[in-house]
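# Coordinate analysis (summary)
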Amino acid sequence: MRAQMQRRAALGFGCGVICSPVVWPFAHPLALWVPLLGGAAGAAFAAAVPRESGGWLDDAFTSGALALPFWLLLEIIVLPLAGGGQPAWTAVGLRAAFGALAGWLFFGLMLGAVLNRVLAAAHVALTPVPQAPPAGKPVRVLILGGGFAGVTTARKLEKLLGADPSFDITLVSDSNALLFTPMLAEVAGSSLEPTHISTPLRASLRRTRVVRGHAVAVDLAERRVSLQPDDVQRIARTLEYDHLVLALGSVSNFFGQSNIERTAHDFKSLTDAIRIRNAVIANFERADRESDPVVRRRLLRFVVAGGGFAGIELAGALNDFARGMLAEYPDLDARDVRVTVVHARERILPELGPELAAYALAKMSERGVQFKLNTRVRDASATAVFLDPPEEIAAETLVWTAGTAPNRLLATLGVERDKRGAVLVEATLAVAGHAGLWALGDCASIPDLAAGGTLPPTAQYALREAETLAYNIRSAVRGATLRTFHFTSIGALCVIGHQSACAELRTPLGGRKVHFSGLFAWLMWRVVYLAKLPGFDRKVRVLIDWVTELYFPRDTVQTIEL
Amino acid sequence: MISLAYRRMAAGGLAGFLGALAMLFLPSGIGANPFLVVVSGTAAGALFAAALGSRPLGPGATLVWGLGGAFVLWMAGCALDLVTSGAFRGGSMLDIARVHFAALVGLSLAGILFGFVAGTFGVSPEPGRARLRVARALCGGGFAGIVGGWAFGKWMEQAGFFPLIAGIVGSNSAHVGAALHFAIAILIGASFGLLFQREIRGVGSSLGWGAAYGVLWWFLGPLTLLPLLEGARPDWSVAHAAGLFGSLVGHIVYGIIVGLLYAVVDDLWRWLFERSDPLNRQAEGAGILALSSIARGAAASIGGGLLFSVVMVRTDQLSRVAQLVGAHSSVAGFFVHLVISALIGASYGVFFHDEATDDRIALAWGSLYGLIWWFLGPLTLFPILLGGQFTWTTVAASEGVPSLLGHLLYGMGLAVAFRALERRHLAHLFIDARLRKSWLRRRRPAGSPTPALLLFFIAVGTLVPIILT
């Protein structure tokens, strides 16, 4: 491609030199810089000519049209300035240069026509530049996981590789869309339509083959991944790979409490958020027809286990949603509605500083959220949540955000893992001792080269890891040097309820932490996450949802029976 | 069966012959040998038709080619005169151009004849081309004509032009003139739709077509038909044309509004009833395309805006721009200028996103858009926004020469940067071969009269103000 362009430019230079004497009768007679400038203009023009250019008349008129701005630039601005004077951008100056205009116009017309014919002849006469055929079979890159880490890896690979046919990229995901988890609490709180925070994978990936499926086994020796058979044909499918990327994310960790696992709502997927929202609405409906005040209170009590980001954002959203619904249920007592956060540590939001955590606690308590600190959920039944230190909360809705663990498939791989269960990787994100095996995101334990220890398993890190990983896969295939992963968090944002949030940002120089809270932090949250939400159309839809919410009550239509 | 090439040449020759006859009989000021004029006119028409080859053409496309060819022929004639008269220096080229201004008008009108004759009799089959929707063309064009006519009417009212138009029907009433003006504006708008519906692919190209059509109607209307309908001989001299400079700007502004509104109505129609159909779904929907084009256009405007600001600083124009927001400092003017640049850049993104097939065409569209904004901005909107009146005068045009340069620089800078951003975006999209195919379908095919349009409007839009002032 470059060789073709160079050849065209060389021909253009020659044509420009040949055509430029036409300027001399009108301006700058016999000036030697005219052919040189004409040659340069011809080279630039020829380089810009597409392969499927039109006829000579088209090219003549196009370059004739460009001759006018060229004349203005050269004769009115550049030449007077080069002569040490001022630009001649007055009516008098334009009139004085009118003759040169005719010269450059004829030059443009001639150049376009001549160059068109010369390039056409050259195309026929000269041997086309040979295109290097792709060598051997394409390198198969298989990415397991359709979350931030997996999808961003696929995107970055696409960006790095373009249409390079020597790579074949496949992404295995158990859903056909990328879920934007920072907005999941708003779906549970009925602020956002569920599909608006999910971006279809097939619409956002250009050359990656998307396979909807669930990986159940990885044969590292044979470089093969087995997918769960589908429900209809019951045929297991296997995918072979040269490079395998583990981006399986995490699952909820119930710490072996089977009652909790059976009773509690999970809060990881879009389905979970939809179920929680519908559970709240269904409980309100039941409470509205319930005559027993004890049962009614139990129905209107919502317990969230875990006071980290996910739990606090969910509790804030549920509290707003539930209290807003009371307007439609005049027979229910506001004192019966209660969202309780159970948190095992002495303060909520351990990811943020103590001042912001205290602010969040005070603000949410003010809005009616109850906190049980230094407390664990010990057990649960259909009608109660049992705490440790011993206490019983009569509630029918428990949401679990109190612990996560890497995907269970990792345990079957036979690779080194940390105590959390994440795969130990090098700073290049490669798994030591397994060529072509890589891991990132929640399922990887990545060394922190700057501060020691390991990097936190958050989306912010996963997005950056994906860029390094994509680069390293390409480098590994091409025998180039691998990069190590470095990143320092730029901060964290957490919504705690209606138009209120906490923000902790790190300054670019010095890394000092700056705190914001309240309305400003909330606006910051919305701007930042709207910008990060993938897809222009999704941004518009979410923006419309947010504006709608300002003027209309949240939707309380129950969409699924529980 | 006569082949297309011969049929087209015969039609071109006939158009050249008729155009030459018209030039001999109509204007005052063409003193060439009548035999030579007729022979050379016929030959030029036939040769130009032959040069068009077998490209698919209708009356609208041929008309635009005719206008472009007419301009080139006029410049060639002026150069020939310069050579034969022995004056080989730039200064006299302007004098010759002024002397032969009548020939420019005459040749442009001959270009119209060429368009109608060669475009009607030399038309070739166009497989796969959308058919002309007459009702949509008439309604969209008529509506655009009304609004454009209203804007142009403001100047006509201010310049006391309506009684002059009323003279067509033997009246001197301003009301009759205004009614006639609107009727003509609607007719021109409707004819725009009929002629160019299949040439226009978006708002950007429609703006260009509209502006060129406005120039054409200046040659045809106040310089030719108006005196003829009033029983006088048309005067195509440079002195008479200079007296009608305000009308030229008015016609261009009218054309731009017609082009803009016609394309918006047409686009809205296709958007609501065709593109919204799931069966016609594109991978990148119209909304995403528009939003991303706005963002790219605004970003691309930075370079062009800064280039323009250099001209503004050197000609001390920034403090005038600051008056738009009630300030007087150059710093405030600079920021206002950048905001305006970003807005115009965003509009370029939306209007021209599919127009530039390569860097050359992008530069030319950018120049055209810059030129359009010279007519719309400093000559029209700027004085109005500062609480004044239209300044469609040769004096204002003379004073606005630095601004003309600034607008052209801005347009070119904007177009080049936008093309670079668009190419980057397309490189990502084209990883998927299907998206490349769908983009190629949207793109203007080779052989369209775009080069002729660009040459005609950029040349005439730049040169005529120089010649007339």
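Residues numbered from 1 in each chain as written. Chains lettered and ligands numbered in written order. Predicted model: local features only at pLDDT ≥ 70, side-chain atom pairs only at ≥ 80, totals over all residues. Heavy atoms only, no water.

## Details of the side chain of Glu465(A)
All names here are of chain A.
- Among the structural elements, Glu465 can be located in helix α14 (residues 459-478).
- In this structure, Glu465 is buried with no salt-bridge partner, the nearest side chain bearing the opposite charge being Arg420 at 9.3 Å.
- Apart from residues lying up to four places away in sequence, Glu465 is in contact with Leu429, Leu440, Gly441, Ile446 and Phe485. (Helix = DSSP H or I, 4+ residues; strand = E, 2+ residues; numbered from the N terminus. Buried < 20%, exposed > 50% of the residue type's maximum accessible area, 1.4 Å probe, protein only. Lys, Arg positive; Asp, Glu negative; His and termini not counted. Salt bridge = Lys/Arg side-chain N within 4 Å of Asp/Glu carboxyl O. Contact = heavy atoms within 4.5 Å.)

## Focus: the domain arrangement of chain A
Residues and elements named next belong to chain A.
- Annotation of chain A at the domain level lists domain 1 (2-125), domain 2 (139-174 + 213-252 + 406-488) and domain 3 (258-402 + 492-551).
- The C-alpha centroid of domain 3 is placed 32 Å from the C-alpha centroid of domain 2.
- Across the boundary between the two partners, domain 2 contributes 6 residues, which contact 6 residues of domain 3.
- Surface buried jointly by domain 2 and domain 3 totals about 480 Å² across both partners, of which 45% is contributed by carbon and sulfur atoms.
- The largest per-residue losses of area from domain 2 upon contact with domain 3 belong to Ser250, Ser252 and Thr488, which jointly make up 60% of the total buried on that side.
- Scanning the region where domain 2 abuts domain 3 turns up 0 salt bridges.
- Each residue belonging to the side of domain 2 that touches domain 3 can be placed in one class, and the counts come to 1 nonpolar, 3 polar and 2 charged. (Domains from an automatic or database assignment. Buried area = accessible area lost by both parts, 1.4 Å probe. Nonpolar A, V, L, I, M, F, W, Y, C, P; charged D, E, K, R; others polar.)

## Observations regarding the domain arrangement of chain B
All names here are of chain B.
- You can read the domains of chain B as domain 1 (4-121), domain 2 (134-274) and domain 3 (282-468).
- Look at where the C-alpha atoms of domain 1 and domain 2 centre, and you get two points 24 Å apart.
- If you look at the interface, domain 1 gives 22 residues, while domain 2 gives 18 residues.
- For the pair domain 1 and domain 2, the two sides together bury roughly 1,700 Å², of which 78% comes from carbon and sulfur.
- Those elements that provide at least two residues to the side of domain 1 that touches domain 2 are α1 (4-25), α3 (59-84) and α5 (101-121).
- In terms of residue count, α5 provides more of the side of domain 1 that touches domain 2 than any other element does, 9 residues in total.
- Broken down by class, the residue content of the side of domain 1 that touches domain 2 amounts to 17 nonpolar, 4 polar and 1 charged.

## With respect to helix α16 (residues 536-551) of chain A
All names here are of chain A.
- An ideal rise of 1.5 Å per residue puts 22 Å on 16 residues; α16 measures up with 23 Å between its terminal C-alpha atoms.
- Here α16 has its buried residues at Arg538, Val542, Asp545 and Trp546. Mapping the buried residues of α16 onto a view down its axis gives an arc of 95°, with all of them on the same face. With respect to the buried face of α16, the exposed residues turned more than 90 degrees away are Ile544, Leu550 and Tyr551.
- Each element contacted by the buried residues of α16 is listed here: α7 (184-188), β4 (198-200) and α15 (519-532). (Expected span 1.5 Å × (residues − 1). Arc of directions from axis to C-beta.)

## Side note on the interface of chain A and chain B
- Across the boundary between the two partners, chain A contributes 49 residues, which contact 60 residues of chain B.
- Joining chain A to chain B, the criterion identifies 1 salt bridge.
- In this structure, Arg360(B) and Asp59(A) form a salt bridge, with 3.1 Å as the shortest nitrogen-oxygen distance.
- For the pair chain A and chain B, the interface holds 2 residue pairs in polar contact (both at pLDDT 80 or more).
- Of all the secondary structure elements, the ones that give two or more residues to the side of chain A that touches chain B are α2 (33-48), α3 (56-82), α4 (91-96), α5 (98-125) and α16 of chain A.
- The greatest single-element share of the side of chain A that touches chain B, amounting to 17 residues, is contributed by α3(A).
- Here the residues of the side of chain A that touches chain B sort into 33 nonpolar, 8 polar and 8 charged. (Polar contact = N/O pair within 3.5 Å; in protein donor to acceptor, adjacent residues only side chain to side chain.)

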